[in-house]
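Residue-level structure breakdown
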Amino acid sequence: MTGIGPYVADLARRLAAAGWDVRVLTGHPHYPQWRAADVDVESAADAGVAIRRLRHSVPASASILGRARMELEFGVGVVRLGLREDAVVVLVSPPLVAAAVVLAALSRRGRRRPPVGLWVQDLYSQAIVEAADRRGRTARAVRRLETAVLRGADSVAVAHGRFGEIVRDTHGVDRDRVIAMRNWNQVGPRPRSDRAGARNRAGLPAGSVIAVHAGNMGMKQGLENVVAAARVAADLDLDLHFYLVGDGNRRTALEAAAQGCTHLTFVDPLPDEQFHDLLSAADVLLVNEKPGVAEMSIPSKLTTYFGTGLPVVAAVDPDGITAAEITRAGAGVIVASGDPEALVTAVVEVAADAQRAATLGEAGRRYAIVELSAAAATDRFGAWLDDLAAARRPAAPTALPDARRLADYVVDKRDRGRNRAWLIAWIAVAALMRTGVGGPRWRARVLGWFGASVAASATIDRSFRVHFPWKLTIGARTEIGAHVWIIDPEPVHIGADCEIGPGVIVCSGGHDHRSPTFDRTSEPIRIGDRCVIGADAMVLKGVRLADAAVVPDGAVLIPGGAPTVLIPGGAPTVAETNSATARKAERT
């Protein structure tokens, strides 16, 4: 069941091609124009995927009550249709109310309930505050409903690591039930058309600076800021033109606000080829969000934008998810949301600097190839489904080898490097640090008191944990995200200018599972300068990362005879390749 059509449709086709038996229960197309499309066929097949469309009302506007009614009708329709006990059920949120209805119905089956995964694209409780400006009882009710749905699923996949933090910290979902599942570029990076030819075909001015915003025109986007920017460009007599491509419940109001503005054009949704041509004709691509929007969602347009090789200018919260994603990709420029003058300045400056524009665009294109490939997303999603299915199967009893003598295992305390009193003192101080006392610089100083080598300019989140700080080195300007956990019986070195994402685990210790007494095995870890490690990744003993390495979300890093291998979603294992085929073979 889904309210996020393009990603689910693409994933369903890819899973079917990989051998999965896929059935999609969905509603009738209505987004972003909030009008039901004329689709007569309720049952169909597409590329091996069985599709069933359920009828429901569509509100005239995206009001809270109207949307809740639509989702309730859809959820009831799914329950009436029925879900197989031998299936793995994936609920997509939105629609949250429909997901709640289906979960409630499935919970009545008890042990016969199929495994349920929740795939979170937007966080309703954040949206109700950030985009709809709702507080009080409405916001509390939505938060309680979302918490119940998140906790009711067997596993929760989130579209961004920052969502994972909110799901764990605000909604109380166990860490081991939350997994990062990035969205992807559905068609892959596509060569850009010749700009002059694209402008000629689209009838656009050859010499003007053109900025294009594509996608939904809703409350969250706050496109009144782009209308205001177009008026600023007109007042300054700049040869700059904005294009808003798409539809949405705010389009009529935006068109009214833009009456008489010669520097802004509205474009209806386009077929793929014409849409690609219009993007190719642009100097910059725009992302705009309403002031106050920070954590509710990540714009799906970014996966397409990055693949074009064009620079992005984003008027968004500089501390929000969208800004973090663009910064991580190195693909664009961030200006404050709600500041039309700053938006105009940024667009003009980027368009005027061809070298800078090319550098930003190429960084985004590389990011799309490395981080946002459809093949990697399909493999990761397939592994998640395997895990969901396995969790519901009764575990087969496993006999230990006759030679196993765990009673003879000896806890070797020599690798702690300090005496018991020193360790107890550190545990107490670390607990105080996690309450938020002081700031990032103060935390770096305290770690230094306990023997760590931490640069004063390093930034460390208060939820950071390390077993033995006297074995830790953190370089200058490195940022350590939320819930990073370092287990370091052997030294761990993190270089300068690194970004360690939320939920990362770095462990330099381990055990020899082949040893009858489960002997300890530990090896130092070294992470070079300018490395980026994505959310929920694991770095295991003996890993040595070269400078400027980029590690995807959820990857597991292990050493081998060859260079370190990245295994998105796979088990820790030594491999000689990072191909999707090899990962599938290792899991098998």
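Everything below is about the structure printed above this text.
Attention in this report is confined to the structure presented alongside it.

Right, let's get into the sheet that holds strand β21 (residues 499-500). Sheet architecture is open: five strands sit in the order β15-β18-β21-β24-β27, paired in parallel fashion. Strands with a single pairing partner mark the edges of an open sheet, and in this sheet they are β15 (459-460) and β27 (550-551). As paired strands, β21 and strand β24 (residues 532-533) are joined by two bridges and run parallel to one another. Its bridge partner being in β24, I500 is matched across the sheet by I533.

Overall, parallel pairing links the five strands, which are arranged β14-β17-β20-β23-β26 in an open sheet. At either end of the open sheet lies a strand with only one pairing partner, and these are β14 (453-454) and β26 (544-545). As judged from the two bridges shared by β14 and strand β17 (residues 472-474), these two strands associate in the parallel manner. If you follow S453 over to β17, its bridge partner there is T473.

Attention shifts here to helix α2 (residues 64-81). Here α2 contains 18 residues, and its C-alpha end-to-end distance of 26 Å stays within 8% of the 26 Å for a straight helix at 1.5 Å per residue. G66, M70, E71, F74, G75 and V78 are the residues of α2 that are buried. On an axial view of α2, the arc spanned by its buried residues comes to 165°, and they lie on one face. Facing away from the buried side of α2 by over 90 degrees, the exposed positions are L65, R69 and R80. G82 sits one or two positions beyond α2 and adopts a positive phi of about 95°.

So, about the pairing of strand β6 (residues 155-158). Looking along a regular strand, one sees the side chains alternate between the two faces of the sheet. Of the two faces of β6, the one carrying S155 and A157 and the one carrying V156 and V158 are both buried. Where strand β5 (residues 116-120) and β6 come together, four bridges link them in parallel fashion. When the sheet's bridge partners are listed, L118 is paired in β6 with V156. Sheet analysis places β6 next to strand β7 (residues 178-180), joined by three bridges and oriented parallel. Its bridge partner lying in β7, V156 is registered against V178. Following the chain from β6 across helix α6 (residues 161-169) to the adjacent parallel β7, one finds a crossover that is right-handed.

So, on to the packing of aromatic side chains. Taken as a whole and assessed by the stated rule, the structure comprises seven aromatic pairs. Plain terms: the ring middles of F306 and Y367 are 5.6 Å apart, the flat faces sit at 90° to each other, and that makes the pair edge-to-face. A residue pair is termed long-range when its members are at least 10 positions apart, and F306 in helix α11 (residues 301-308) and Y367 in helix α14 (residues 354-371) qualify at 61 residues. The two residues F306 and Y367 agree in class, both being buried. An aromatic cluster of three or more residues is present, and its members are Y7, W119, W184, F381 and W384. Its end group placed over the ring of W485, R465 keeps NZ or CZ at 4.0 Å from the ring centre.

Mapped onto the elements, N288 comes out in strand β11 (residues 284-288). When its relative accessible area of 3% is taken as the criterion, N288 is described as buried. A distance of 2.8 Å separates a polar side-chain atom of N288 from the backbone oxygen of Q221. Ignoring any residue separated from it by four or fewer positions in sequence, one finds N288 in contact with H213, Q221, G222, L223, N225, V226, A315 and L343.

Locating V92 in the fold gives a position in strand β4 (residues 89-93). Owing to a relative accessible area of 2%, V92 belongs among the buried residues under this scheme. Measuring from C-alpha to C-alpha, the distance between V92 and W119 comes to 4.7 Å, with 27 residues separating the pair along the chain.

Between its first and last C-alpha atoms helix α13 (residues 340-352) spans 18 Å; for 13 residues at 1.5 Å apiece the expected length is 18 Å, and the two agree. If you check which residues of α13 are buried, you get P340, L343, V344, A346, V347 and V350. Down the axis of α13, the sector holding all buried residues measures 165°, keeping them to one side.

Rules used throughout
The written sequence of each chain sets the order in which its residues are numbered from 1. With pLDDT at 70 or above as the cut-off, local features in this predicted model cover only qualifying residues; side-chain atom pairs require 80 or more to be listed or tallied, and sums for whole chains, interfaces and linings still use all residues. Hydrogens and water molecules were not included; the side-chain quantities draw on all heavy atoms of the structure. Between any two strands, pairing holds if DSSP finds at least two bridges. Note on conventions: DSSP H or I runs of at least 4 residues are helices, E runs of at least 2 residues are strands, and numbering of each starts at the N terminus. Multiply 1.5 Å by the residue count of a helix minus one, and that product is the helix's expected span. To sort residues, take the accessible area from a 1.4 Å probe on protein chains only and compare it with the maximum for the residue type: under 20% means buried, over 50% means exposed, and anything in between is partly exposed. Throughout, the arc means that of the directions going from the helix axis to the C-beta atoms. By definition, the crossover connecting two strands over a helix is right-handed if that path, from the first strand to the second, turns clockwise as seen with the strands pointing away from the viewer. When two rings of Phe, Tyr or Trp (its six-membered ring) have centres within 6.5 Å they constitute a pair, described as stacked for plane angles under 30 degrees, edge-to-face for angles over 60, and tilted for the intermediate range. Consider the ring centre and the ring normal. A charge sits over the ring if Lys NZ or Arg CZ is within 6 Å of that centre and within 35 degrees of that normal. Two N or O atoms count as a polar contact when they lie within 3.5 Å, although within protein this holds only if one can serve as hydrogen donor and the other as acceptor, and sequence-adjacent residues are included solely when both atoms are side-chain atoms. We call two residues in contact whenever any of their non-hydrogen atoms come within 4.5 Å of each other.

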